[in-house]
Amino acid sequence: MKSKFLQYWLFSIFIIFASCKDDKKTSSAEKDTVTSKEYAADWDSLAKYNEAADWFKKAKFGIYAHWGVLSVPAYANDWYPRNMHIKGSDEYKHHVATYGEPSEFGYHDFVPMFKAEKFNAEDWAKLFKKAGARFAGIVAEHHDGWSNWDSETNPWNAADMGPHCDLVGELEKAIHGNGMKFITSFHKARTLQLFQQDSTKWEDDTSYFPYDPEMPTSSKDSLLSIMYGNIPKEQFYKNWLSELHEVIHQYGPDLIYFDSKLDKIPDSIKVQFVADYFNYAEKNDKEVVITHKEGELPKSVSLEDLEKGRMNQKTEEYWLTDETVSVGSWSYTNDLGLKTSDEIIDLLADIVSKNGALMLNVSPMANGVIPENQQQILLEIGEWLDVNGEAIYDTDTWNVYGEGPTKQEKSGMFLDKITYTPQDVRYTRKGDTVYVIFLGWPGSNKEVLLKSFAELSSNKKFSIVNAHFLGSEEEVQFKLQADGLKLSTPSKKLSESAWVLKLETTTK
């Protein structure tokens, strides 16, 4: 166990960490080099940085994983660590029946059970790449106070406890080694029990862990209090900043995602993090991205994330949606429901058509295995992208994002499920090439009218010089007329999911 807690300003050296195989390896994150540009820790200076990196705007699709100690109980959802401490809840009843009273067997007692004994970072990276991901990574720290990396700041970390393996470090090597950008997500802010010293109520909804003097969550033990966020807020802020510094300088993530409740961290602390990250990027000739939710960081330095949601129209600003392959939980549970690859592909097409990107979560088991049914969904997405990826990657928005009968009434997070029809269409563009993504199969040799081309029919400079269906050699029968672009679908079904018409146009 490490006992020395290094603060943010003390980190100045590259840290050597242990791999799963117990041999010493250095991170493939680049070492700092001299640069002429340096950002000051103020928002005006930091606003000069390009918050929407070119690689991210081109990548469109990535994969990450909710995985850690919270995967061990495999029950209910990723809020089990909180709810198991709330008397009367379903999770509490399950916990008592399975492990005993949480006052005797708390969440921290799951740590030795998180062994990750079948984890193979290279297998994960190859799966993500085969699924078509251009960026990939892991939840570095969820709300539960557990760090998946080799941390000097947080004693509750994967190198010193549980699997005794630098999980983030292993994945960084494998993901960068397979040509993808590496991302880490950071959910720590919600852990802080801001009112633990002023309140005797456990129902403190500003914190992930409930306040209850009878539970470990409110322990004053010097070790337990760190995991459960029951420490003075000034110390919490220092640890928050120090942990991010470790992740940046040990692993060089290309994107850092923040979950909600970042408003619990003062601007004076957040601005130091952003300056550290941007200066690291400049020194190492990297383009990095920060995402935020609900305006908890300035848009001048970060992109907005819409958890389980998206925009209802195309936007000038680039943005991110994080969604999960599962239903009901972000982390693994024994009865985890799953979405279909068709649903996720439709979602991806809709997001990209409106100037966004999709980061899809998977839910590995505590032993480090991504279940076969989740792998199958990822591989189906990858197969679709092998054929149709040119309509997704490296694209821009077109004149309109799409057309069809299915409407998304509002923008935002946590939207209700939308089921698209074969009449729903999404558009993307690459130069003068327009991609028409049909979100379902209307049938063979069916007449289709794309009304979004109606205005272009009167433009004498506009013409379609070539058209073909991706994945098919059939000739496309089409005609540009006053009410739109009229065409016939292929005689053979192209896909069980969305299918694409590629139109090469000119405006000469």
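Not measured: the values here are computed from a predicted model.

Peer 1: Honestly, the overall build of the protein chain in this entry has me stumped. Any pointers?
Peer 2: Each helix and strand counted, the protein chain has eleven helices and 20 strands in total. A compact globule built from 508 residues would reach a C-alpha radius of gyration of about 23 Å, and the protein chain, at 24 Å, matches this within 12%. Projected onto its principal axes, the C-alpha coordinates of the protein chain cover approximately 75 × 60 × 45 Å. By the burial criterion, 60% of the 508 residues in the protein chain qualify as buried. In the protein chain, the proportion of contacts linking residues at least 24 apart, taken out of those at least 6 apart, comes to 72%. For the protein chain, the accessible surface area stands at approximately 20600 Å², while carbon and sulfur atoms represent 47% of it. Taken together, the 56 basic and 78 acidic charged side chains of the protein chain have centroids lying 4 Å from each other.

Peer 1: Help me understand the sheet that holds strand S13 (residues 402–403), please; the structure alone is not making it clear to me.
Peer 2: Strands in a sheet are paired, the pairing made by backbone hydrogen bonds, and the direction either parallel or antiparallel. Strand order in the open sheet made by the five strands is S13-S14-S15-S20-S17, with antiparallel pairing throughout. Strands with a single pairing partner mark the edges of an open sheet, and in this sheet they are S13 and strand S17 (463–469). The sheet contact formed by strand S15 (residues 433–438) and strand S20 (residues 499–506) spans six bridges and is antiparallel. Looking across to S20, one finds that valine 434 is bridged to leucine 503.

Peer 1: Quick question: what am I supposed to make of helix H11 (residues 372–388) here?
Peer 2: In an α-helix, one full turn covers 3.6 residues, which means residues spaced three or four apart are oriented alike. Its 17 residues give H11 an end-to-end C-alpha distance of 24 Å, which sits within 8% of 24 Å, the value for a rise of 1.5 Å per residue. Along H11, the positions that sit buried rather than exposed are Gln374, Ile377, Leu378, Ile381, Gly382, Trp384, Leu385 and Asn388. Buried residues along H11 cover an arc of 160° about the axis, so they all sit on one side. Residues Glu372, Glu383 and Asp386 are exposed on H11 and point more than 90 degrees away from its buried face.

Peer 1: I'm lost on the pattern of salt bridges in this one. Help?
Peer 2: Note that side chains of opposite charge can pair when their charged atoms are close. In total, this model carries 21 salt bridges according to the counting rule given. Here lysine 417 and glutamate 343 are joined by a salt bridge, their closest N and O atoms 3.1 Å apart. Residue lysine 417 is located in the loop between S13 and strand S14 (425–430), and its partner glutamate 343 is located in helix H10 (residues 341–353); the two are separated by 74 residues in the primary sequence. Here glutamate 496 makes a salt bridge to lysine 493, at a shortest N to O gap of 3.2 Å. By relative accessible area, glutamate 496 is classed as exposed at 65%. A single network of salt bridges, built from pairs that share partners, joins Arg310, Asp350, Lys354 and Arg426.

Peer 1: Help me understand the sheet that holds strand S3 (residues 61–65), please; the structure alone is not making it clear to me.
Peer 2: Within the open sheet, the eight strands sit side by side as S8-S7-S6-S5-S4-S3-S12-S9. Their pairing is parallel. Both outer strands of the open sheet, strand S8 (303–304) and strand S9 (319–324), are each paired with one neighbouring strand and no more. In terms of strand pairing, strand S5 (residues 181–186) meets strand S6 (residues 255–258) through four bridges, oriented parallel. Note on S6: the bridge partner recorded for isoleucine 183 is leucine 255.

Peer 1: Is there a simple way to explain the environment of tryptophan 43 in this structure?
Peer 2: If you trace the backbone, tryptophan 43 turns up in helix H1 (residues 43–46). Tryptophan 43 sits 207 residues away from glutamine 250 along the chain, and the two C-alpha atoms are 25 Å apart. With near-sequence residues (within four places) excluded, tryptophan 43 lies in contact with Asp267, Lys270, Val271, Val274, Leu297, Pro298 and Val301.

Peer 1: How should the pairing of strand S7 (residues 289–292) be read in this particular structure?
Peer 2: On any regular strand, side chains alternate: one points to one face of the sheet, the next to the other face. Of the two faces of S7, the one holding Val289 and Thr291 and the one holding Ile290 and His292 are both buried throughout. In terms of strand pairing, S7 meets S8 through two bridges, oriented parallel. Bridge pairing links threonine 291 to leucine 303 in S8.

Peer 1: Would you mind showing me how to read the nonpolar core here?
Peer 2: As a rule of thumb, soluble globular proteins bury nonpolar side chains together. If you look at the biggest cluster of nonpolar residues, it comprises 109 residues, and the most contacted ones within it are Phe128, Trp240, Phe258 and Phe273. The leading source of residues in this core is helix H9 (residues 267–283), at nine residues. Residues in contact with tryptophan 240, not counting those within four places in the same chain, are Phe186, Lys188, Ala189, Phe258, Leu262, Ile265, Ile269, Lys270 and Phe273.

Peer 1: Even after reading the chapter, I still don't get the environment of glutamate 317, so can you show me in this structure?
Peer 2: Tracing the sequence through the fold places glutamate 317 in the loop between S8 and S9. Here the alpha-carbon distance between glutamate 317 and alanine 52, two residues 265 residues apart in the chain, equals 8.6 Å. Residues contacting glutamate 317, with those up to four places away along its chain left out, are Lys299 and Asn355. Here the side chain of glutamate 317 touches lysine 299 through a polar contact of 3.2 Å, side chain to side chain.

Peer 1: Sorry if this is basic, but what is going on with the packing of helix H5 (residues 121–130) against H11 here?
Peer 2: Two quantities define a packed helix pair, namely the angle between the axes and the distance from one axis to the other. Taken N-terminus to C-terminus, the directions of H5 and H11 make an angle of 40°; their axes are 8 Å apart at the nearest point. With respect to H11, the element H5 is oriented oblique. Contact residues: H5 offers Leu127, Phe128 and Lys130, while H11 offers Gln375, Leu378, Leu379 and Gly382. In the contact of H5 with H11, the residues fall into four nonpolar, two polar and one charged.

Parameters at a glance
- Residues numbered from 1 in each chain as written.
- Predicted model: local features only at pLDDT ≥ 70, side-chain atom pairs only at ≥ 80, totals over all residues.
- Heavy atoms only, no water.
- Helix = DSSP H or I, 4+ residues; strand = E, 2+ residues; numbered from the N terminus.
- Rg over C-alpha atoms; globule rule 2.2 N^0.38 Å.
- Buried < 20%, exposed > 50% of the residue type's maximum accessible area, 1.4 Å probe, protein only.
- Contact = heavy atoms within 4.5 Å.
- Areas by Shrake-Rupley, 256 points an atom, 1.4 Å probe, with all protein chains shown as cover.
- Lys, Arg positive; Asp, Glu negative; His and termini not counted.
- Charge placed at Lys NZ, Arg CZ, Asp CG, Glu CD.
- Pairing = 2+ DSSP bridges.
- Expected span 1.5 Å × (residues − 1).
- Arc of directions from axis to C-beta.
- Salt bridge = Lys/Arg side-chain N within 4 Å of Asp/Glu carboxyl O.
- Core = buried A, V, L, I, M, F, W, Y, C linked by side-chain atoms within 4.5 Å.
- Polar contact = N/O pair within 3.5 Å; in protein donor to acceptor, adjacent residues only side chain to side chain.
- Axes fitted to C-alpha atoms, helices over the stretch in contact; angles between N-to-C directions.
- Parallel < 35°, antiparallel > 145°, perpendicular 65-115°, else oblique.
- Nonpolar A, V, L, I, M, F, W, Y, C, P; charged D, E, K, R; others polar.

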